[in-house]
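# Analysis of the macromolecular model
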Amino acid sequence: MYTAHPDRYAEMPYRRTGRSGLKLPALSLGLWHNFGPDRPVETQRAILRRAFDLGVTHFDLANNYGPPPGSAESALGEALEADFAPYRDELVISTKAGYLMWPGPYGEWGSRKYLLSSLDQSLTRMGLDHVDIFYSHRPDPETPLEETMGALHTAVQQGKALYVGVSNYSPEQTREAARILADLGTPLLIHQPRYSMLDRRPESSGLLDTLDELKVGSIAYSPLEQGLLTGRYLDGIPEDSRAASDSPFLNSDAVTGELVAKLRALDEIAKSRGQSLAQMALAWVLREGRVTSALVGASSPRQLEDSVSAIGNLDFDAGELSRIDAVVTR
């Protein structure tokens, strides 16, 4: 029987999500690619237990996480029953719906039918009566935003979600979603954008400024840029890496000589800070407190521990930030 570490809240910083009462750990655990039937169950459970022992109280999912789709939620459901039943109220569990989940016209995007059906399926897989955060995973170009946001509001009214969020929405879409939800009486809690040292669109598009203005929280996904910022690619493409497999999320063509040179230069800056490249990349996303939390994945407890160690140095001086910018933009 798992017993959580008594000092699990001693080190992890927690940040208020926008103007809500909810605080999230600076680092949250994403269950995207490392939770499913192709991974040892005991390894998955060990990662979750170690995360909670380190103060990572937020587990982030989506209906299609796995592979196959749905398997990450099922894996979490088994772990919740086996290890975390006494700690449910200490956990923040989020899930999303928006990408393809089942065949036919009602299996993806943002209709009321799809979103609420998907949420019911997610709750069944996880063995829960509610999630803490339910997201619209992506905007639907053909469904009125009022319908998509209305479905999120209904999930809260039904007691199946405590808070709602959006992911991959533009600043303009986010602003309109927040307005609709405010009129309905269910505030927009959080936005989940892709954001890293190598992908700064939330800055250049004005999304972070919009979230600051709206007082909406943010949680960055892919802060390690699909593994490019882990240090694994400093000498090219490892045989067992995501790029070597030509994943749809990272292919070998992306790992150019120019990129490798940038990664090596960033690694030198990280070393001067006493951090690994991955730790500096996570700290950079969390700098200045504009981002509420950064999502990390993990294939082992040790990898998770390395990521969590980033919280030991989240501050940058102006010279460090200038050096990083010079490397990335050159």
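Quick summary incoming for the structure in this document. Every chain is numbered on its own, with residues counted from 1 as its sequence reads. pLDDT decides what is reported in this predicted model: residues at 70 or higher carry local features, side-chain atom pairs at 80 or more are listed and counted, and totals for whole chains, interfaces and linings draw on all residues regardless. The basis for every side-chain value is the complete set of non-hydrogen atoms in the structure, without hydrogens or water.

### A look at the overall build of the protein chain
Here is the rule we go by: Numbering of helices and strands runs from the N terminus, with a helix taken as a DSSP run of H or I at least four residues long and a strand as a DSSP run of E at least two residues long. Radius of gyration here uses only the C-alpha atoms, and the compact-globule reference equals 2.2 Å multiplied by the residue count raised to the power 0.38. Only protein chains enter the area calculation, which uses a 1.4 Å probe; residues under 20% of their type maximum are buried, those over 50% are exposed, and those in between are partly exposed. Contacts were defined at the residue level, with two residues in contact if any of their heavy atoms lie within 4.5 Å. To measure how exposed things are, a 1.4 Å probe is used in the Shrake-Rupley method; for residues, cover is taken only from the protein chains shown. For the purpose of charge, His is not counted, nor are the chain termini; Lys and Arg are scored as positive and Asp and Glu as negative. Just so you know, the charge point we use is NZ for Lys, CZ for Arg, CG for Asp and CD for Glu.
Across its full length, the protein chain holds 11 helices and 10 strands. Against the 2.2 N^0.38 benchmark of 20 Å for 330 residues, the protein chain shows a C-alpha radius of gyration of 19 Å, consistent with a compact globule. When the backbone C-alpha atoms are referred to their principal axes, the protein chain occupies close to 50 × 50 × 40 Å. The proportion of buried residues among the 330 residues of the protein chain is 57%. The long-range share in the protein chain, meaning contacts at least 24 apart out of those at least 6 apart in sequence, stands at 75%. A total of about 14,100 Å² of accessible surface is found on the protein chain, and carbon and sulfur atoms cover 49% of it. A distance of 2 Å separates the average location of the 33 positive side-chain charges in the protein chain from that of its 44 negative side-chain charges.

### Points about the pattern of salt bridges
Side chains bearing opposite charge may pair, as long as their charged atoms lie close to each other. So the rule is basically this: One speaks of a salt bridge when a side-chain nitrogen belonging to Lys or Arg is within 4 Å of a carboxyl oxygen belonging to Asp or Glu.
Scanning the model with the defined rule gives 24 salt bridges in all. For Arg290, the salt bridge is made with Asp212, and the minimal N-O distance between the two is 2.7 Å. In this pair, Arg290 sits in the loop between α9 (277-286) and β10 (293-296) while Asp212 sits in helix α7 (residues 207-214), placing the two residues 78 residues apart along the sequence. What makes Asp212 partly exposed here is its relative accessible area of 39%.

### Focus: unusual backbone geometry
Gly66 connects to Pro67 through a cis peptide bond whose omega is 0°. Its place among the elements puts Pro67 in the loop between β4 (58-60) and α2 (71-84). At the junction of Pro67 and Pro68, the peptide bond is cis and its omega measures out at -5° in the coordinates. The topology assignment puts Pro68 in the loop between β4 and α2. Even without being a glycine, Lys215 presents a positive backbone phi close to 60°.

### Here we look at the sheet that holds strand β6 (residues 131-136)
Operational definition: Here a strand pair is declared whenever DSSP counts at least two bridges between the two strands. Lines fitted to C-alpha atoms define the axes, with helix axes restricted to the stretch in contact, and inter-axis angles between N-to-C directions lie between 0 and 180 degrees.
An order of β3-β4-β5-β6-β7-β8-β9-β10 is seen for the eight strands of this closed barrel, with the pairing classed as parallel. Taken pair by pair, the neighbouring strands of this sheet meet at an average axis angle of 30°, ignoring direction. Along the sheet, helix α3 (residues 112-126) makes contact with β5 (92-97) and β6, crossing β5 at roughly 140°.

### Concerning the pairing of strand β9 (residues 217-220)
Burial of the side chains of β9 extends over both faces: Gly217 and Ile219 are buried on one face and Ser218 and Ala220 on the other. Examined bridge by bridge, strand β8 (residues 188-192) and β9 share two bridges and lie parallel to one another. Within β9, the residue paired with His191 across the bridge is Ser218. Bridge count for β9 against β10 is two bridges, and the pairing is parallel. The residue bridging Ile219 from the neighbouring strand is Ser293, located in β10.

### Re the nonpolar core
Most often, soluble globular proteins keep nonpolar side chains buried together rather than apart. In plain terms, the rule: Buried Ala, Val, Leu, Ile, Met, Phe, Trp, Tyr and Cys residues that are joined via side-chain atoms within 4.5 Å together make up what is termed a nonpolar core.
In terms of nonpolar packing, the biggest core is built from 96 residues, with Leu29 and Leu266 touching the most fellow members. The leading source of residues in this core is α9, at nine residues. Every residue in contact with Leu29, bar those within four places of it in the chain, is listed here: Ile47, Leu48, Ala51, Val56, His58, Phe59, Asp60, Leu295, Val296, Gly297, Ala298 and Leu304.

### A word on the packing of aromatic side chains
Our working definition: Ring geometry is summarised as follows: Phe, Tyr and Trp rings, the Trp one being its six-membered ring, pair when their centres sit within 6.5 Å, and such pairs are stacked at plane angles under 30 degrees, edge-to-face over 60 and tilted between the two. We call a charge positioned over a ring when the NZ of a Lys or the CZ of an Arg lies within 6 Å of the ring centre and within 35 degrees of the ring normal.
Going through the model one piece at a time under the given rule, you end up with eight aromatic pairs. With a centroid separation of 5.9 Å and an interplanar angle of 80°, the aromatic rings of Phe59 and Phe84 are classed as edge-to-face. You can see Phe59 sitting in strand β4 and its partner Phe84 sitting in helix α2, a full 25 residues away along the chain. Each member of the pair, Phe59 as well as Phe84, is classed as buried. Taken together, the ring pairs in this structure connect Tyr2, Phe52, Phe59, Phe84 and Tyr87 into an aromatic cluster. Lys113 extends its terminal NZ or CZ atom over the ring of Tyr106, reaching a point 5.5 Å from the ring centre. Lying across the ring of Trp109, Arg138 places its NZ or CZ 3.5 Å from the centre.

### Some remarks on the packing of α3 against helix α4 (residues 145-157)
Spelled out, the test is: Under this scheme an angle from 65 to 115 degrees is roughly perpendicular, one under 35 degrees roughly parallel, and one over 145 degrees roughly antiparallel; angles in between are oblique. For a crossing to be left-handed, the near helix must be turned anticlockwise from the far one by less than a right angle; the clockwise case is right-handed. In this classification, Asp, Glu, Lys and Arg are treated as charged, Ala, Val, Leu, Ile, Met, Phe, Trp, Tyr, Cys and Pro as nonpolar, and every other residue, Gly included, as polar.
Remark: α3 packs on α4, axes separated minimally by 8 Å, with the N-to-C direction vectors making an angle of 30°. Put simply, α3 runs roughly parallel to α4. Note on packing geometry: the crossing formed by α3 with α4 is right-handed. Contacts from Arg112, Leu115, Leu116 and Leu119 in α3 reach Glu147, Thr148, Gly150, Ala151, Thr154 and Ala155 in α4. Classifying every residue of the contact of α3 with α4 gives five nonpolar, three polar and two charged.

### Description of the environment of Ser167
Definition in use: Pairs of N or O atoms are called polar contacts if they sit within 3.5 Å, as long as, within protein, a hydrogen donor faces a hydrogen acceptor (for residues adjacent in sequence, only side-chain-to-side-chain pairs).
Here Ser167 shows up in strand β7 (residues 161-167). C-alpha of Ser167 to C-alpha of Pro139: the two residues are 28 residues apart in sequence and 7.9 Å apart in space. A polar contact is formed between the side chain of Ser167 and the side chain of Asn168, at a distance of 3.3 Å.

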